[in-house]
Amino acid sequence: MKMIELAFLNDTFGTMLAIMPEIMLIIGALSIPGLFYFTKNKNMCATAALIAIILSGVFAGCVILDSTLSCTFMNIFKLDMFAAVMIFLFLIVAFLTVLASFASSELSNHVSEYYSLLLIATTGMLFVASANNLLVIFVGVECTSILSYALVALKKNDPRSSEAAVKYLIIGGISSGLVLYGISMLYGLTGSIDIAKIAHGLENMENLNAPFVIAVISLIAGYGFKISAVPFHMWAPDAYEGAATPVSMFLSTGSKKMGFVVLFKIFIVMFAVEQSVYAVEEMRYIFAFIATITMTIGNIVAILQKNIKRMLAYSSIAQAGYILIALAVMSEYAVTGGIFHMITHVFMKGGAFIVVGALIAAGIKENISDYKGLAKRAPIVAFAMLLFLFSLAGIPPLAGFASKFVLFSSAIVIDGVVRTQWMWLAIIAIINSAISLYYYAKVVKVMYIDSGECNEKIVIKKSHLVAILLCMVFVVAIGVYPEPIIKFCEGASGILFGKC
């Protein structure tokens, strides 16, 4: 009898572990408004958000430390190595966002609402990471998207914020409609919304038909908006510029990664693993074309920007183009590179946005020209910005070089053999990285060579410094010793390709 009770407890714990990261964030989000009501302390709200994020990370860490562990909740959520790595990534984004928000001068007085919205938006990302059902994935994406519209509009004293939120909302609504239409078409074709069952149903289809093509195009277009891939990218620069800088960072490093998680789950698990031969080859070239125009347009338009947040927005668009290489190649090594670059991008781009937010809090405006003489006024912050920008450009020995090396080489070396099919895509990516170095170096030149009108030292708040230093440490450490992170990425991609 005791053995039966123990087995029941173990099964119950394993089942609940699959959704414990989400539960911790929901509890935190619900408790913060009450906490603020009784304490009236803004820092207490931020601390409570950090505690909820850390507790959520503890449960995800259990699976990361034991890659053989896998838990399922109601056959809808599955916490395996891939889900755990993505959950941990989203929690790092939320953690850095909260740190950057402590001393932000851009947020309104609705502090408790802000942190609650942030935690629930992160919860939506966690649902997406562990869900194996298209409808649940859709709900998770919409949970994050709807709350992101509110977060963008929260900067009430800036008319750019309201304008950006309206644009974001309209385009987001269109993308949601496209996604829902694509899901309905797949359900009509296969009779299921479970990803694995849809894959099996597609494998049994004898030939390509119009409803399937419409479903795939609708899903690519709908989720292409979430990752700001060209031509679905026009919302990103306005949203990043209009939102408070911590929110811009959250969108760039978190929401975008959520879109890639969805694309990986749908187009790797559903199609590539089951080898629906008639569908895979066409989709790979579609993704290769989107990757090419996304990275090229993102980098070229970034050169023309004078506002640092808009420049970083177009840089994020270009980075999305690089990650799309994984979906074009559709090999396990390519997906490993894509996940690896998603991780390094969090610290590179997140660090850059934190620097921008810290300078705004110190009274520095958003134009690149306002950064003249920054190296003399705030040497640590200027050096951090240099590291982040050069890492984004792929300069060794920083994290961006390591992840780009794995990602770009995956288009050349496939299954241990050098092949020419996607070599042109790697060459275009390398050329684009060289182009990006121009506008990154332009910012460095302004900081280190140009002289500013004011030589007064800039005081940076402690919470901003802590967040910046954390990002600096990871950018350097991952670049110098990337093997542990690559190992986790290999485990995560192995799950997608059916290696349990």
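Residues numbered from 1 in each chain as written. Predicted model: local features only at pLDDT ≥ 70, side-chain atom pairs only at ≥ 80, totals over all residues. Heavy atoms only, no water.

Things to note about the pattern of salt bridges
- A complete count under the given rule lists 9 salt bridges for this structure.
- The partner of E163 in a salt bridge is K167, and the shortest N-O contact between them spans 3.0 Å. Placement of both E163 and K167 in helix 7 (residues 159–190) is noted, with a separation of 4 residues, approximately one turn of the helix.
- Given a relative accessible area of 44%, E163 falls into the partly exposed group.
- With relative accessibility at 32%, the residue K167 sits in the partly exposed group.
- With its nearest N and O atoms 4.0 Å apart, the salt bridge here joins K309 to E366. Here E366 lies in the loop between helix 15 (332–361) and helix 16 (374–377) and K309 lies in helix 13 (residues 308–323), a separation of 57 residues in the sequence. Comparing K309 with E366 shows no difference in burial state: the two are buried.
- Linked through salt bridges whose partners overlap, the residues forming this network are R160, E163, K167, D238, E241, K309, R310 and E366. (Salt bridge = Lys/Arg side-chain N within 4 Å of Asp/Glu carboxyl O. Helix = DSSP H or I, 4+ residues; strand = E, 2+ residues; numbered from the N terminus. Buried < 20%, exposed > 50% of the residue type's maximum accessible area, 1.4 Å probe, protein only.)

Quick look at helix 7
- Over its 32 residues, helix 7 runs 47 Å from end to end, which matches the ideal 46 Å to within 8%, given 1.5 Å per residue.
- Among all positions of helix 7, only S161, A164, A165, Y168, G172, S175, S176, V179, G182, I183, M185 and L186 are buried.
- Downstream of helix 7 by one or two residues, G191 has phi in the positive range, about 75°. (Expected span 1.5 Å × (residues − 1).)

Let's talk about unusual backbone geometry
- Cis geometry is found at the peptide bond from V230 to P231, where omega equals 5°.
- Of note, P231 is situated in the loop between helix 9 (210–226) and helix 10 (235–242).
- For the bond from P396 to P397, the omega torsion is 0°, close enough to zero to count as cis.
- Summarising the element assignment, P397 is placed in the loop between helix 17 (379–393) and helix 18 (399–409).

Concerning the nonpolar core
- Counting 188 residues, the largest nonpolar core has M86, F267, M311, I339 and Y371 as the members making the most contacts within it.
- Among the elements that line this core, the one with the most residues is helix 15, at 17 residues. (Core = buried A, V, L, I, M, F, W, Y, C linked by side-chain atoms within 4.5 Å.)

Some thoughts on helix 18
- The element helix 18 is largely enclosed, with a buried count of 9 among its 11 residues.
- When we look at burial in helix 18, the residues that qualify are A399, G400, A402, S403, K404, V406, L407, F408 and S409.

Points about the packing of aromatic side chains
- Taken as a whole and assessed by the stated rule, the structure comprises 17 aromatic pairs.
- On the basis of an interplanar angle of 45° and a centroid distance of 6.1 Å, the ring pair of Y168 and F225 is categorised as tilted. Remark: F225 occurs in helix 9 and Y168 occurs in helix 7; sequence separation between them is 57 residues.
- On the basis of relative accessibility, which here comes to 2%, the residue Y168 falls in the buried class.
- Look at F225 and you get buried, because its relative accessible area is 3%.
- With a centroid separation of 5.2 Å and 45° between ring planes, the pair formed by F225 and W235 is classed as tilted. With a gap of 10 residues between them, F225 in helix 9 and W235 in helix 10 connect regions that are remote in the sequence. The pair formed by F225 and W235 is uniform in burial state, with each residue classed as buried.
- Among the aromatic residues, ring-to-ring pairing joins Y149, Y168, F225, W235, Y240 and F353 into one connected group. (Phe/Tyr/Trp six-rings, centres within 6.5 Å; stacked < 30°, edge-to-face > 60°.)

Quick word on the packing of helix 5 (residues 111–130) against helix 6 (residues 134–152)
- Close contact between helix 5 and helix 6 brings their axes to 7 Å; oriented N to C, the two are set at 155°. Judged by the angle between their axes, helix 5 and helix 6 are roughly antiparallel. Here the hand of the crossing between helix 5 and helix 6 comes out left-handed. Contact residues: helix 5 offers Y114, L117, L118, I120, A121, G124, M125, F127 and V128, while helix 6 offers I137, G140, V141, C143, T144, L147, A150 and L151.
- Split by residue class, the contact of helix 5 with helix 6 holds 14 nonpolar, 3 polar and no charged. (Axes fitted to C-alpha atoms, helices over the stretch in contact; angles between N-to-C directions. Parallel < 35°, antiparallel > 145°, perpendicular 65-115°, else oblique. Left-handed = near helix turned anticlockwise from the far one by under 90°. Contact = heavy atoms within 4.5 Å. Nonpolar A, V, L, I, M, F, W, Y, C, P; charged D, E, K, R; others polar.)

Some details on the state of the cysteines
- On inspection of all chains with the given rule, the structure shows 0 disulfides.
- The cysteine C143 is free of any disulfide, with C45 supplying the nearest cysteine sulfur at 20 Å.
- Looking at C143, the relative accessible area reads 24%, which means it is partly exposed. (Disulfide = S-S within 2.5 Å.)

Re the confidence of the model for the chain
- Summing up the model confidence of the chain, the mean pLDDT is 84 and the portion of residues at 70 or higher is 91%.
- pLDDT under 50 marks residues 1–13. Its contacts with residues more than four places away, or in other chains, come to 0 contacts. (pLDDT = per-residue confidence, 0-100.)

So, the packing of helix 2 (residues 20–39) against helix 5
- The interhelical angle for the contact between helix 2 and helix 5, taken along N-to-C directions, is 170°, at an axis separation of 9 Å. Of the possible angle classes, the one that applies to helix 2 and helix 5 is roughly antiparallel. Contacts between helix 2 and helix 5 involve P21, E22, L25, I26, G28, A29, I32, P33 and F36 on the former and, on the latter, S112, Y115, S116, L119, I120, T122, T123, L126, F127 and S130.
- Grouping the amino acids of the contact of helix 2 with helix 5 by side-chain chemistry returns 12 nonpolar, 6 polar and 1 charged.

Some remarks on the side chain of H345
- Here H345 is to be found in helix 15.
- For H345, a relative accessible area of 1% translates into the label buried.
- Contact partners of H345, with chain neighbours within four places excluded, come to S252, T253, K257, S316, Q319, G350 and L392.

Considerations on the environment of I27
- Within the secondary structure layout, I27 lies in helix 2.
- On the accessibility criterion, I27 (49% relative accessible area) is partly exposed.

Concerning the side chain of T97
- The topology assignment puts T97 in helix 4 (residues 81–101).
- Taking relative accessible area as the criterion, T97 reaches 0% and is therefore assigned buried.
- For T97, the residues in contact, after removing those within four places along its chain, are Y114, L118, P246, M249 and F250.

Brief notes about the environment of V93
- Residue position: V93 is located in helix 4.
- Using a relative accessible area of 0% as the deciding quantity, one classes V93 as buried.
- Separated by 158 residues in sequence, V93 and L251 place their C-alpha atoms 9.5 Å apart.
- Non-local contacts of V93, meaning those with residues more than four positions away in its chain, are made with M249, F250, T253, G254 and V346.

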